[in-house]
Amino acid sequence: MQPLIDYARTFGRRPEEFARLAEGQSPQVLFITCSDSRVVPALITGARPGELFELRTAGNIVPPHDSQHPTSEAATIEYAIEVLGVRDIVVCGHSHCGAVGALVRGDDLTAVPAVRDWLAGAPRPVGAAEDPEVAEGVQCHALTQLLRLRSYPCVERRTAEGTLGLHAWYYEVHTGAVRTHRSETDTFEAL
């Protein structure tokens, strides 16, 4: 913890670099990814403060749209689209994902009931249970989350208008490589 505290103490000593951020934000992309500490959206994309709007959840899960019981995730998605006017949404899964790995393997999660219940809302992705990278499972899972996004009225409207692009990415934590889903070939290929 001490190195984090030390850095935070010096971080705010450059007010001129941050003054413009007080004027507001205008990110072009909503980046939905896992809470995993090895996945750092700004590092992966090179984004500066104010350029990415992030939604991080265990397993980069997008809950189904439910107007009667809104979630924090739904509020973030709606705000990004309706207020900030993002033009693209990226759902970025990653190799060695514990959440997706648990889904693929059908792990017993009774010791972590909140995690169990959160993951229970996600369909079990296809993939090899013995693969430590869970590559196929993560890629399948990212595509499933894109489908869920399409059920949100604001996403459905903006994609129909052609003003919102949806993208599935796969990040390899062990190499730093990023792949994107190509609908023409239904494969994940290097960016």
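Higher on the page you've got the structure.
Residues numbered from 1 in each chain as written. Predicted model: local features only at pLDDT ≥ 70, side-chain atom pairs only at ≥ 80, totals over all residues. Heavy atoms only, no water.

S.K.: Looking at this model, I keep getting lost on the sheet that holds strand 3 (residues 88–94). Mind explaining?
M.R.: Strand pairing in a sheet relies on backbone hydrogen bonds, with the paired strands running either antiparallel or parallel. Taken in spatial order, the six strands line up as 2-1-3-4-5-6 in an open sheet, and their pairing is mixed. On the outer flanks of this sheet lie strand 2 (52–57) and strand 6 (187–190), each paired with one strand and no other. For this sheet the average axis-to-axis angle between neighbouring strands, irrespective of direction, equals 30°. As paired strands, strand 1 (residues 29–34) and strand 3 are joined by five bridges and run parallel to one another. (Pairing = 2+ DSSP bridges. Helix = DSSP H or I, 4+ residues; strand = E, 2+ residues; numbered from the N terminus. Axes fitted to C-alpha atoms, helices over the stretch in contact; angles between N-to-C directions.)

S.K.: Honestly, the pattern of salt bridges in this entry has me stumped. Any pointers?
M.R.: Close approach of charged atoms allows side chains with opposite charge to pair. Under the definition given, this model contains eight salt bridges. Linking Asp-36 and Arg-38 is a salt bridge whose minimum nitrogen-to-oxygen distance equals 2.7 Å. For Arg-38, a relative accessible area of 40% translates into the label partly exposed. Note that Glu-82 and Arg-157 form a salt bridge whose closest N and O atoms lie 2.6 Å from each other. Remark: Arg-157 occurs in helix 8 (residues 153–161) and Glu-82 occurs in helix 4 (residues 72–83); sequence separation between them is 75 residues. (Salt bridge = Lys/Arg side-chain N within 4 Å of Asp/Glu carboxyl O. Buried < 20%, exposed > 50% of the residue type's maximum accessible area, 1.4 Å probe, protein only.)

S.K.: I would appreciate a short explanation of helix 5 (residues 98–105) in the present structure.
M.R.: Note that an α-helix has 3.6 residues per turn; residues three or four places apart therefore point the same way. Within helix 5, six of the eight residues are buried, which leaves it mostly tucked inside the rest of the structure. When helix 5 is considered as a whole, its buried residues turn out to be Ala-99, Val-100, Gly-101, Ala-102, Leu-103 and Val-104. Here the buried face of helix 5 lies against helix 6 (113–120) and helix 7 (135–150). Of the residues flanking the end of helix 5, it is Gly-106, one or two places downstream, whose phi is positive at about 70°. (Contact = heavy atoms within 4.5 Å.)

S.K.: I tried to follow the packing of aromatic side chains on my own but got confused; where do I start?
M.R.: Aromatic rings in a pair are described by how distant their centres are and how their planes are angled relative to each other. A full pass over the atoms with the stated rule returns two aromatic pairs. With 5.8 Å between their ring centres and 80° between their planes, Phe-31 and Trp-169 make a pair best called edge-to-face. Of this pair, Phe-31 sits in strand 1 while Trp-169 is found in strand 4 (residues 165–171), placing the two residues 138 residues apart along the sequence. Like Trp-169, Phe-31 is buried. Relative to Tyr-79, the ring of Phe-53 has its centre 5.9 Å away and its plane inclined at 35°; by these criteria the two rings are tilted. Remark: Tyr-79 occurs in helix 4 and Phe-53 occurs in strand 2; sequence separation between them is 26 residues. (Phe/Tyr/Trp six-rings, centres within 6.5 Å; stacked < 30°, edge-to-face > 60°.)

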